[in-house]
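For reference, the chains in residue letters:
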Amino acid sequence: MKNSTLPIRFGLVTAAVLVAYFLILSLFNKHTNIFYSLFNGVITGFGIYETIKYLKLKDGDKFDYGRGFKFGLTTGVVATLLFTFFFMVYSTELNPLFLEQLSAVWAKDYSNFTAIVFFTVAIMGMATSLVLTLSFMQLFKSSKNILSKA
């Protein structure tokens, strides 16, 4: 297995969990409540964290910040792109009334509301991926502090 497939695999699994969470919410008709989307950050964060942790365990002393950052960010981007694609299919093909239910006020005021929602989902996912990757890398980076090795 190539090393570059690791973040793609974790990204696929993370996206699958995001889709499953969304579909579970839709079973209980809670998918229109934006508050529940906060848990998407937890799901994405867990996927990124596990990718970096697995890489550090695998690489051992050869683990470096740049590679961990790249793998974490790739995991988040893959998960975000796949979830955004699912979100587009769901809201245009499977449940065309979803976007109007999501925000009745916005849907009436903006002619390109659908595009705005898709863009927002993608940008929020990318921003979450970047911030969480930077945060988790602080946990996994090697210390250069000579006092901490004593």
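A brief report on the enclosed structure follows. This structure is a prediction, so every number in the text was calculated from the model and none was measured. (Residues numbered from 1 in each chain as written. Predicted model: local features only at pLDDT ≥ 70, side-chain atom pairs only at ≥ 80, totals over all residues. Heavy atoms only, no water.)

1. Quick look at the overall build of the chain
Then step 1. For the chain, the helix and strand inventory stands at six helices and zero strands.
Then step 2. In the chain, the succession of α and β elements from N to C terminus is α-α-α-α-α-α.
Then step 3. Considering the chain as a whole, with its 150 residues, one finds that 35% of them fall into the buried category.
Then step 4. The long-range fraction of contacts in the chain, counting pairs at least 24 apart against all pairs at least 6 apart in sequence, stands at 75%.
Then step 5. Carbon and sulfur atoms make up 68% of the accessible area of the chain, which amounts to about 9300 Å² in all. (Helix = DSSP H or I, 4+ residues; strand = E, 2+ residues; numbered from the N terminus. Buried < 20%, exposed > 50% of the residue type's maximum accessible area, 1.4 Å probe, protein only. Contact = heavy atoms within 4.5 Å. Areas by Shrake-Rupley, 256 points an atom, 1.4 Å probe, with all protein chains shown as cover.)

2. Notes on the packing of helix H2 (residues 38-59) against helix H6 (residues 113-140)
Then step 1. Packing of H2 against H6 brings their axes to within 9 Å, and their N-to-C directions diverge by 40 degrees. Regarding the angle of H2 to H6, the classification is oblique. Crossing handedness for the pair H2 and H6: right-handed. Across the interface between the two elements, Gly-41, Thr-44, Gly-45, Ile-48, Tyr-49, Ile-52, Lys-53 and Lys-56 of H2 pack against Thr-128, Ser-129, Leu-132, Thr-133, Phe-136, Met-137, Leu-139 and Phe-140 of H6. (Axes fitted to C-alpha atoms, helices over the stretch in contact; angles between N-to-C directions. Parallel < 35°, antiparallel > 145°, perpendicular 65-115°, else oblique. Left-handed = near helix turned anticlockwise from the far one by under 90°.)

3. Side note on a nonpolar patch on the surface
Then step 1. On the surface, Ile-8, Leu-12 and Leu-82 cluster together to form a nonpolar patch covering roughly 250 Å² of accessible area.
Then step 2. Residue position: Leu-82 is located in helix H3 (residues 65-94). (Patch = residues over 30% accessible without salt bridge, like charges linked within 9 Å, V, L, I, M, F, W, Y side chains within 5 Å. Salt bridge = Lys/Arg side-chain N within 4 Å of Asp/Glu carboxyl O.)

4. Here we look at the pattern of salt bridges
Then step 1. One pass over the full model with this rule turns up two salt bridges.
Then step 2. For Lys-53, the salt bridge goes to Glu-50, with nearest N and O atoms at 3.5 Å. One end of the pair is Lys-53 and the other is Glu-50, both in helix H2 and three residues apart, which spans about a single turn.
Then step 3. A salt bridge links Arg-67 to Asp-59, with the nearest nitrogen and oxygen atoms 2.3 Å apart.
Then step 4. A relative accessible area of 14% means that Asp-59 is categorised as buried.

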